[in-house]
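These are the residues of each chain, in order.
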Amino acid sequence: MASPSQQLPPEASTGRSQWEVPTPVPAQPIDHAPSVSPPPSMTHHGKRRQYAAGQTQVYYGAGDALGDQYGTLGVPQQQQQSAATAQLFTPGLAAEGGFAGQQQAPQAPYYAPQQEPQYINAPGFGQEPTYHPPNAPIHHLTDQFGQMGMGQKPLHLTTTNLLTSPPDPRELVRPPPEIRLPANACITPSPYANADSSYQRCTMNAIPTTSSMLNKSKIPLGLVITPYRTLKEGEPPVPVVTDTVIARCRRCRTYINPYVQFIDNGNRWRCCMCSMSNEVPQLFDWDQIRNQPGDRWARDELNHSVVEFVAPTEYMVRPPQPAVYVILIDVSHTAVQSGMVATATRTILENLDRIPNEDERTKVAIIAYDISLYFFSMPPGTTESTMLVVSDVDDVFLPKPTDLLINLTEARQSLESLLGRINDMFQDNHTVGSAMGPALQAGFKLMAPIGGKIMVLSSSLPNIGAGALKNREDLKILGTSKESGLLQAASPFYKTFAIECSRAQVSVDMFLFSAAYQDVASLACLPHYTSGQTYFYPAFNAARSEDAIKFAHEFGEVLAMPIMLEAVMRVRASKGLRMASFHGNFFVRSTDLLAMPAVPTDQSYAIEIQIEDTLTQPFVVMQTAVLHTTCHGERRIRVITLALPTTSSLTEVFASADQVAIATLLANKAVERSLTHKLEDARDAVHQRLVEILSSYKSSMTSAGAGANAQLAISENLRMLPVLVLGLLKNASRSYCLVGIRQSAQIPPDLRAYAQALLTTLPSQTLIPYIHPTFFSLHNMPPEAGTVGEQGVILPTPLPLTSERLERHGLYVIEDGQTIFLWIGRDAVPQLVMDVFNLPNYEVLRGGKTTLPVLDNDFSQRVNAIIQKTREMRRGVYYPHLYVVKEDGEPPLRLWALSCLIQDRADVLPSYQQFIGQLKDKVNWSQ
């Protein structure tokens, strides 16, 4: 019971709004490895292979102008800043034809060392290297503690002219604009007091105080959240509070965090969201491990923005359940002949030790299906298994009450024996048909009392029993206003069944392999509403080793993934802010409670935010809380806290805008609109939002006068937004065509539906290269590229996404996180072909899906290292295929690779220069 003095208003009892500690002990900082490596020393490299001078004169041309254009991430900061300053454009004053001139800059020689090697280190690529806006002063102390509000200063706004400033691919790997909180906003000096952008990022890092100002800026306000991202080597783990002492606000239920205030001599704390005064729990300052008074300022929840609490029993509806995996395997003739069944069973067998089973409670079941259902009884302690056939798929029942769902540890021997025999059991199966719906119902009956994950492997269109579908692919309506109907579920069964699964804490993953139409749009409903994921392998054939390796890698990673079970997520924000709409794979159980039966790692969610009331506080806080059960049976709450300053200055709103978060939110909104409206409406909505942002910037941030209409002005931190929107409109697909929301009459609906599933689930770090691929040259890369530096394999400098950079003698990599293209020009010298492919010349080289040989020469090993690092460096389970693309090779493959160069014209969509010109005309017309 609090004393009378403690019950008085805080100001009356202390006279202060913040409890002052006599001798605060700062949290021990964790030594983060730099995300970008220092420049490598110019050591002598071994003897390089020399190509015939007569054949390779073109390799040894003028120096590379690209380094001057793009600056350097691997050189000292002073060099980087001076290089950036030298290349800054003054809006409206750039030389005529400057853009084209920069796009056609000559390339460096094949093996010739450069004076200043230009490269991006792999660990930093796709992450956040140290970066300062052009012309901004550099203050190391302010940069180090900027997120804690020590030394707040206004954000620097630099205007650039899009007509004369070509896109710089490096802008996309730089961190979002700095968060500059007011002094004393944070109660701790910890550098981890604000959420890292890889967990939670906002579309603007300074929140406008009124909705009218937000509307005036036209920038959408939203959050992009990846609550369970993978940790790379060297990254600190999320701290876990194990004493079950959880301090929450009595009114708004916010978890205590680094932005609360301690009052009343530290006996109470004031909520940073609703200003409610709350008592500090009695055991908050007690070290339960040592059974002695503890140091409050060492508690993880006061020093870290991302933290996990071990939940006490009041956070449990029932005791933590074991992890359950029910795997449904299509064993029809098509599935067996494609090699899917053999690859799947071998992958499961090889990954049994990787399936989460720390508490030895994990349960597994295998159900095979074609037009019938095949259950397998596996008694523990034996190596025998019995197959039970259920032919009545109209009224599904379990043929045996026990031994179908078995303990992985106890029945390991019988499970291993079964997995080794399944492919042989159905090797001569000539049955054609798929009772996927009844198989789903059987799997659900098996696991409904517990919950868990269903993994469905399907090689054909479901056509038997519940959820039967028909081939509705109609080439006549592709590219028309009626096409959006093909992106919606054809049968209500899948959404209804998905909601039933969500209530029972069952999640569904789909692995789809059909070479013909499979209605991905309908089947993707299951993962969409149950927080699962869809994986698509069109025309899968395990006889091609590349297909088998890709599926085995991704399926194995999914099996080994540490999933979070029985999860619910809620995002709270300061008074005046409201979560308005939600995008991603989950089911909205109530107004703002998101139900997620199993949360996979590296899955992203987007939330739009509305400003309902004027924000009077100097900063706002947004907090994501995910209550879940770990796969080893512990109930936990992951809390992610993000604090952002408020501003009444439109200048600061634009200067703080995060172009990567904006593009991620627009991608989610576009996909949702394409499902409820026409595809054309989705494209127009994205395009119109970009026009509105540019128009608002022109009218608010630039002065009208002579030459104003000849420019297309935007802030420096948003100059990549137009090319990201163009990439979203063109969105390169993973197979043979272009998809997403792109306008085209040649895109199969399955590919478009799969691309839309990716757009709404990929985290920003993987989504951005999906809509803005990475492009770099190999034939003239610097000597360091492909070698191992202090931070891993060094990658070449990215090039602008235009075919103007392709040289007829060159070798290039184009990749988007899902597919890697190795482009080789028709005039490539024989020695280059021999070094990379072990073939005598270009003419005998075949294009298509391939595995690159590792040869006994330096260049081959460097190229292979780059390809391998490209596959590994991004978050997620995806293992991109590698395609060799010859300049004069098969037209479909060639066009597919070129479609990734989004700054070129494609179909009816404009080139980047044309797109910028159209934007300028629309902006000028709207003024």
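A brief look at the structure comes next. Bear in mind that the values here come from a model prediction, so they are computed numbers and not experimental data.

### Remarks on the sheet that holds strand 35 (residues 881–886)
Pairing is mixed across the open sheet formed by five strands, whose spatial order is 29-32-33-35-34. The open sheet is flanked by strand 29 (774–777) and strand 34 (848–849), the only strands paired with a single partner.

### Things to note about the pattern of salt bridges
If you walk through the whole model with that rule in mind, you get 35 salt bridges. The residue Glu-171 makes a salt bridge to Arg-174 at a minimum N-O spacing of 2.9 Å. Here Arg-174 falls in the buried class, since its relative accessible area comes to 9%. Across the pair Asp-287 and Arg-290 runs a salt bridge, and its minimum N-O distance is 2.8 Å.

### Let's talk about unusual backbone geometry
Comment: phi is negative for the bulk of residues other than glycine, and the bulk of peptide bonds are trans. Positioned with a positive phi, Asn-265 is a non-glycine residue whose angle comes to about 55 degrees. Mapped onto the secondary structure, Asn-265 falls in the loop between strand 7 (261–263) and strand 8 (268–270). Asn-265 sits in the partly exposed class, given a relative accessible area of 49%. Residues other than glycine seldom take positive phi values, yet Gln-505 does so here, at roughly 60 degrees. Looking at where Gln-505 falls in the secondary structure, it is placed in the loop between helix 12 (492–503) and strand 19 (506–512).

### Overview of the packing of aromatic side chains
On inspection of all chains with the given rule, the structure shows 24 aromatic pairs. Between Phe-513 and Phe-540 the ring centres are 5.2 Å apart and the planes differ by 70 degrees, which places this aromatic pair in the edge-to-face class. Of this pair, Phe-513 sits in the loop between strand 19 and helix 13 (520–523) while Phe-540 sits in the loop between strand 20 (534–536) and helix 15 (545–560), and the two are 27 residues apart along the sequence. Owing to a relative accessible area of 7%, Phe-540 belongs among the buried residues under this scheme. In textbook terms, an aromatic cluster arises when at least three aromatic residues are bridged by ring pairs, as seen for Phe-511, Phe-513, Tyr-535, Tyr-537, Phe-540, Phe-551, Phe-555 and Tyr-878. The ring of Phe-262 is capped by Arg-296, whose NZ or CZ atom sits 4.4 Å from the centre of that ring. Positioned above the aromatic ring of Phe-284, the side-chain terminus of Arg-299 is 4.3 Å from the ring centre.

### As for the pairing of strand 32 (residues 811–815)
Look at any regular strand and the pattern is simple: side chains alternate between the two faces of the sheet. With five of five residues buried, strand 32 is to be regarded as a mostly interior element. Where burial is concerned, the two faces of strand 32 agree: the one with Leu-811, Val-813 and Glu-815 and the one with Tyr-812 and Ile-814 are both buried. As judged from the four bridges shared by strand 29 and strand 32, these two strands associate in the antiparallel manner. Considered in strand 32, the bridge of Phe-776 is made with Val-813. Looking at chain direction, strand 32 and strand 33 (residues 819–824) are connected through five bridges and run antiparallel. In the sheet register, Val-813 faces strand 33, and the bridge partner there is Leu-822. Remark: three residues form the turn of the hairpin made by strand 32 and strand 33, two consecutive strands paired antiparallel; Gly-817 in that turn has positive phi of roughly 90 degrees.

### As for the packing of helix 9 (residues 340–350) against helix 15
The contact between helix 9 and helix 15 brings their axes to 9 Å, and the two run at 40 degrees. Between helix 9 and helix 15, the angle is such that the two are oblique. Considering how the two elements wind past one another, helix 9 and helix 15 form a crossing that is right-handed. Residues Met-340, Thr-343, Ala-344, Thr-347 and Ile-348 of helix 9 lie in contact with helix 15, whose contacting residues are Ala-548, Phe-551, Ala-552, Phe-555, Gly-556 and Leu-559. Looking at the contact of helix 9 with helix 15, its residues break down into eight nonpolar, three polar and no charged.

### Considering helix 17 (residues 659–676)
Helix length check: helix 17 (18 residues) gives 26 Å between terminal C-alpha atoms against 26 Å at 1.5 Å per residue, within 8%. Of all 18 residues in helix 17, 13 are buried, a share of seventy percent or more. At the N-terminal end of helix 17, a side-chain oxygen is found 3.1 Å from the backbone nitrogen of Val-660, two or three residues along, and the residue is Asp-658.

### As for the state of the cysteines
Applying the stated rule across the entire model yields zero disulfides. For Cys-252, which is in no disulfide, the shortest distance to another cysteine sulfur is to Cys-271 and amounts to 3.5 Å. Residue class for Cys-252 comes out partly exposed when judged on its relative accessible area of 23%.

### Considering the sheet that holds strand 7
Taken in spatial order, the three strands line up as 7-8-9 in an open sheet, and their pairing is antiparallel. Looking at which strands have only one partner, the edges of the open sheet turn out to be strand 7 and strand 9 (277–279). Strand after strand, the sheet turns through a mean of 35 degrees between neighbouring axes, direction not considered. By the bridge criterion, three bridges tie strand 7 to strand 8 in an arrangement that is antiparallel. Looking at strand 8, one finds that Gln-261 is bridged to Arg-270.

What counts and how
- Residues numbered from 1 in each chain as written.
- Predicted model: local features only at pLDDT ≥ 70, side-chain atom pairs only at ≥ 80, totals over all residues.
- Heavy atoms only, no water.
- Pairing = 2+ DSSP bridges.
- Helix = DSSP H or I, 4+ residues; strand = E, 2+ residues; numbered from the N terminus.
- Salt bridge = Lys/Arg side-chain N within 4 Å of Asp/Glu carboxyl O.
- Buried < 20%, exposed > 50% of the residue type's maximum accessible area, 1.4 Å probe, protein only.
- Phe/Tyr/Trp six-rings, centres within 6.5 Å; stacked < 30°, edge-to-face > 60°.
- Lys NZ or Arg CZ within 6 Å of the ring centre and 35° of its normal.
- Axes fitted to C-alpha atoms, helices over the stretch in contact; angles between N-to-C directions.
- Parallel < 35°, antiparallel > 145°, perpendicular 65-115°, else oblique.
- Left-handed = near helix turned anticlockwise from the far one by under 90°.
- Contact = heavy atoms within 4.5 Å.
- Nonpolar A, V, L, I, M, F, W, Y, C, P; charged D, E, K, R; others polar.
- Expected span 1.5 Å × (residues − 1).
- Polar contact = N/O pair within 3.5 Å; in protein donor to acceptor, adjacent residues only side chain to side chain.
- Disulfide = S-S within 2.5 Å.

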